[in-house]
Amino acid sequence: MSRSKQRDPMPGGALMSLRSLTGSMTPALERIAQYVLHNADQVIYQTVIEVADAAGSSEASVVRFCRDLGFQGFQDFKLALASDLVTSPVILPKQEKPTSAQSTADYVYNTARQVLDETRRLMNVDLLEEVVERILKARRIDFYGVGNAGTTAQDFAQKLQRLGCAAIAYPDPHSAAVSAATLGPKDLAFGISVSGSSIDTVKALEQAKLAGAYTVAVTRGARSPITRFAEAVLLTSAPESPLTRGSMGAKISQLMLLDFLFTRTALRHPKGAELLSKTAAAVADRSY
């Protein structure tokens, strides 16, 4: 049942609904309720699996919990919860919001620097080297991602094309599913999703794995649905809430990790420098 049929989407709606039902739920749902009430500012950044683990419950119970509150599902609940917690379009939990142009500039810069530092610490160079090896040997390379992750996928695919790789990004979920179904053991598939919960991206990577391809997930959600179908999980920093999707932090975290893969692939490619020169010359006359 849709949320609008059960209650009005008013400010404070998620927490108000939750508090009104606390004490009348089953023990399993009560554990989830208590966890959300005491950790609301964390829940908006978490996946359904992470909430289930933290509350000592199951994914199905978390989804049921959200629906019992009148929401369509977990993402719908998180959106309402995020709206409850903030009064501005930028969520800055546990830190002072910038109040001037200068402090905003400092905040954006410091956030970007922190994200890059955290992403570097998360990088597993041995695993990244294994992925580079797969890129160099791959017959085809698919990239799946929707929204902002889709533009990141297209950026990386275009870079690999400069090295002669048969790399294509599929921002359209139907095209992604069709391509994934035709992959094989000599192919490689990337699923890019900050939350790791984007249904279309998860489904495409699942299809690629079923087809026999080597699968890679680029995500912040170490415990998220997409990781179930990835042989290599490459972690990024900068979590996003439902109100901050497409944040610069999440974007540069993905771009930094993928740029490492491209740079390392170019360095290891026997004709890397030659191909980069050729492809640069091919478009040299396209600029004034």
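The rules behind each value
- Residues numbered from 1 in each chain as written.
- Predicted model: local features only at pLDDT ≥ 70, side-chain atom pairs only at ≥ 80, totals over all residues.
- Heavy atoms only, no water.
- Buried < 20%, exposed > 50% of the residue type's maximum accessible area, 1.4 Å probe, protein only.
- Helix = DSSP H or I, 4+ residues; strand = E, 2+ residues; numbered from the N terminus.
- Pairing = 2+ DSSP bridges.
- Right-handed = clockwise from strand over helix to strand, strands pointing away.
- Expected span 1.5 Å × (residues − 1).
- Arc of directions from axis to C-beta.
- Contact = heavy atoms within 4.5 Å.
- pLDDT = per-residue confidence, 0-100.
- Polar contact = N/O pair within 3.5 Å; in protein donor to acceptor, adjacent residues only side chain to side chain.
- Core = buried A, V, L, I, M, F, W, Y, C linked by side-chain atoms within 4.5 Å.

S.K.: Please set out the pairing of strand 3 (residues 188–192) residue by residue, giving values where relevant.
M.R.: For a regular strand, side chains alternate in direction, first toward one face of the sheet and then toward the other. Counting buried residues in strand 3 gives 5 out of 5 residues, a clear majority hidden from the surface. Burial along strand 3 is two-sided: L188, F190 and I192 and A189 and G191, pointing in opposite directions, are all buried. The pairing of strand 1 (residues 141–144) with strand 3 spans 4 bridges and is classified as parallel. Directly across from D142, in strand 3, lies its bridge partner A189. Note that strand 3 and strand 4 (residues 214–219) share 5 bridges and pair parallel. What sits directly across from I192, in strand 4, is V218. Where the polypeptide runs from strand 3 across helix 11 (residues 199–210) and back to strand 4, its parallel neighbour, the crossover connection is right-handed.

S.K.: I'd love a proper account of helix 7 (residues 101–122), names of residues and values included.
M.R.: Across its 22 residues, helix 7 extends 32 Å between first and last C-alpha, which sits within 8% of the 32 Å expected from 1.5 Å per residue. Three or more residues of helix 7 are buried, namely A112, V115 and T119. Projected onto a plane normal to the axis of helix 7, the buried residues spread over an arc of 65° and lie on a single side. Residues of helix 7 that are exposed and angled more than 90 degrees away from the buried face: Q102, Y109 and R121. Structurally, helix 7 contributes buried residues whose contacts are with helix 12 (248–268).

S.K.: Which residues make up the confidence of the model for the protein, and what values go with them?
M.R.: Per-residue confidence for the protein averages 84 on the pLDDT scale, and 85% of its residues sit at or above 70. Averaged pLDDT values over the elements of the protein bottom out at 67 in helix 1 (residues 13–21) and peak at 98 in strand 1. Note on residues 1–12: pLDDT under 50 across the span, and 24 contacts to partners over four residues away in sequence or across chains. Between residues 87–94, whose pLDDT stays under 50, and residues either more than four places distant or in other chains, the model counts 16 contacts.

S.K.: For helix 9 (residues 148–161), give the residues involved together with the corresponding values.
M.R.: Here helix 9 is 14 residues long and its end C-alpha atoms lie 20 Å apart, about the 20 Å a rise of 1.5 Å per residue gives. Looking at helix 9, one finds that the buried residues are A149, G150, T152, A153, F156, A157 and L160. Down the axis of helix 9, the buried set is contained in an arc of 160°. They therefore lie on one face.

S.K.: Account for the side chain of D76, naming residues and giving values.
M.R.: Relative to the assigned elements, D76 resides in helix 6 (residues 74–85). D76 gets classed as buried once you look at its relative accessible area, which sits at 16%. Of note is the side chain of D76, whose polar atom sits 3.0 Å from the backbone nitrogen of Q72.

S.K.: Pulling in residues and values, what's your account of the environment of S277?
M.R.: Here S277 is to be found in helix 13 (residues 272–282). Taking the C-alpha atoms as reference, S277 lies 9.9 Å from L163; in sequence the two are 114 residues apart.

S.K.: Account for the nonpolar core, with residues named and values stated.
M.R.: One finds I135, I141, F143, F156, L160, F190 and L261 to be the most contacted residues of the largest nonpolar core, which totals 29 residues. Elements with a minimum of two residues in this core: helix 8 (125–137), strand 1, helix 9, strand 2 (167–170), strand 3, strand 4, strand 5 (232–235) and helix 12. Setting aside residues no more than four positions away along its own chain, L261 makes contact with L128, V131, V132, F156, F190 and L234. With 28 residues, the next largest nonpolar core counts I32, C66, A80 and A82 among its residues.

S.K.: Help me get a handle on the pairing of strand 1, residues and values and all.
M.R.: The alternating pattern of strand 1 places I141 and F143 and D142 and Y144 on opposite faces, both of which are buried. This β-α-β element, strand 1 to helix 9 to strand 2, shows right-handed connectivity.

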